[in-house]
Amino acid sequence: MNLKKFVPVILLAFLAGCSVAAIEDRYLTKDTYTTVETFTLNTGDNIPSVALKDGQGELFNLRNLANQQNLLLVIYRGEWCPFCVDQLESFEAVLPELKNHNTRLVAISPDDEATTKNTQKQFGQGYLFLTDPELKFVDSLGLKKDATTPHPATILVKKGGEVVWFYVDKDFKTRPTGEQIRTVLQKFL
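Visitor: Provide a residue-level description of the overall build of the protein chain, including the pertinent values.
Guide: Counting secondary structure elements, the protein chain contains seven helices and eight strands. The C-alpha radius of gyration computed for the protein chain amounts to 17 Å, which stays within 12% of the reference 16 Å derived for 189 residues, consistent with globular compactness. Based on the C-alpha atoms only, the size of the protein chain along its principal axes is roughly 60 × 40 × 35 Å. Here the protein chain holds 189 residues, and 48% of them are scored as buried. Summarising the internal contacts of the protein chain: among those between residues at least 6 apart in sequence, 71% fall at separations of at least 24. For the protein chain, the exposed area adds up to about 9300 Å²; of that, 50% sits on carbon and sulfur atoms. For the protein chain, the centre of its 21 positive side-chain charges and the centre of its 23 negative side-chain charges are spaced 2 Å apart.

Visitor: Outline the packing of aromatic side chains, supporting the account with residue identities and numerical values.
Guide: Enumeration over the complete set of coordinates arrives at nine aromatic pairs. For the ring pair Phe-83 and Phe-172, a centre distance of 5.4 Å and an interplane angle of 70° mean the geometry is edge-to-face. With a gap of 89 residues between them, Phe-83 in helix H3 (residues 82–90) and Phe-172 in the loop between strand E8 (162–168) and helix H7 (178–188) connect regions that are remote in the sequence. Within the aromatic cluster, the residues linked to one another by ring pairs are Tyr-76, Phe-123, Tyr-127 and Phe-129. If you follow Arg-77 out to its NZ or CZ, it ends over the ring of Phe-172, 4.0 Å from the centre.

Visitor: Residues and numbers for the pairing of strand E7 (residues 153–158), please.
Guide: In summary, the side chains of a regular strand alternate between the two faces of the sheet. Counted residue by residue, E7 has five buried out of six residues, so it is predominantly covered. Strand direction decides the pairing type here: strand E4 (residues 70–75) and E7, joined by five bridges, are antiparallel. Its bridge partner lying in E7, Leu-73 is registered against Ile-155. Across six bridges, E7 lies against E8 in antiparallel orientation. Note on E8: the bridge partner recorded for Leu-156 is Trp-165.

Visitor: Explain the environment of Gly-57 residue by residue, including any values.
Guide: As for its position among the elements, Gly-57 is in the loop between strand E2 (51–53) and strand E3 (59–61). For the pair formed by Gly-57 and Thr-131, sequence separation is 74 residues and the distance between their alpha carbons is 9.2 Å.

Visitor: Now, about the pattern of salt bridges: what can you tell me, with residues and values included?
Guide: Per the stated rule, a full pass over the model turns up six salt bridges. For Glu-97, the salt bridge is made with Arg-182, and the minimal N-O distance between the two is 2.1 Å. Pair noted here: Glu-97 is in helix H4 (residues 95–100) and Arg-182 is in helix H7, with a separation of 85 residues, a long-range link.

Visitor: I'd love a proper account of the environment of Ile-47, names of residues and values included.
Guide: Residue placement: Ile-47 occurs in the loop between strand E1 (32–34) and E2. What makes Ile-47 buried here is its relative accessible area of 0%. It is 13 Å that separates the C-alpha atoms of Ile-47 and Gly-142, two residues lying 95 residues apart in sequence. Every residue in contact with Ile-47, bar those within four places of it in the chain, is listed here: Leu-41, Leu-62, Arg-63, Ala-66, Leu-73, Phe-137, Val-157, Gly-161 and Val-163.

Visitor: For the pairing of strand E6 (residues 127–131), give the residues involved together with the corresponding values.
Guide: Of all five residues in E6, five are buried; the element is thus mostly enclosed. Covered by surrounding structure in E6 are Tyr-127, Phe-129 and Thr-131 together with Leu-128 and Leu-130, the residues of both alternating faces. The parallel pair strand E5 (residues 103–109) and E6, bridged by helix H5 (residues 113–123), forms a crossover whose chirality is right-handed.

About the thresholds
Residues numbered from 1 in each chain as written. Predicted model: local features only at pLDDT ≥ 70, side-chain atom pairs only at ≥ 80, totals over all residues. Heavy atoms only, no water. Helix = DSSP H or I, 4+ residues; strand = E, 2+ residues; numbered from the N terminus. Rg over C-alpha atoms; globule rule 2.2 N^0.38 Å. Buried < 20%, exposed > 50% of the residue type's maximum accessible area, 1.4 Å probe, protein only. Contact = heavy atoms within 4.5 Å. Areas by Shrake-Rupley, 256 points an atom, 1.4 Å probe, with all protein chains shown as cover. Lys, Arg positive; Asp, Glu negative; His and termini not counted. Charge placed at Lys NZ, Arg CZ, Asp CG, Glu CD. Phe/Tyr/Trp six-rings, centres within 6.5 Å; stacked < 30°, edge-to-face > 60°. Lys NZ or Arg CZ within 6 Å of the ring centre and 35° of its normal. Pairing = 2+ DSSP bridges. Salt bridge = Lys/Arg side-chain N within 4 Å of Asp/Glu carboxyl O. Right-handed = clockwise from strand over helix to strand, strands pointing away.

Encoded structure:
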């Protein structure tokens, strides 16, 4: 039996199994959803004033960014996580709508600067990738799953810094997709 014939089939089956599961539609029009008991943000709260580096080492303060425009914060486990990459790829289709809603996509992970730089290259300028290697920001939100991994979260922050919507789930496979974010943008911005 020639195993080389089956390698692409097995690889495709594996990758198909690593797709993000869309969240239930009812959570698109509610203000919040979380199964992480330690998560500290509520709607109406201001996003913390925290500075994180991008892949080039430039510091970005989240509160300052939010004072300039709306933010879609995506806290993800790292570039090694196929579910994270799948979610981020799903946002490519809605980048024009994010721009129309004056919303910047800011993706935050514990990846180091070099990995963050490579991820930025992969996704391009429609995204801002920031690194939180010690999980200080993640921990301040109560999203630290363990010493190296955050719980994934998607948080919509209105210009000025107010949190208006979020989805946080212990199940790292279930997250809002780009298509679903369209509904969230229309409802909350």
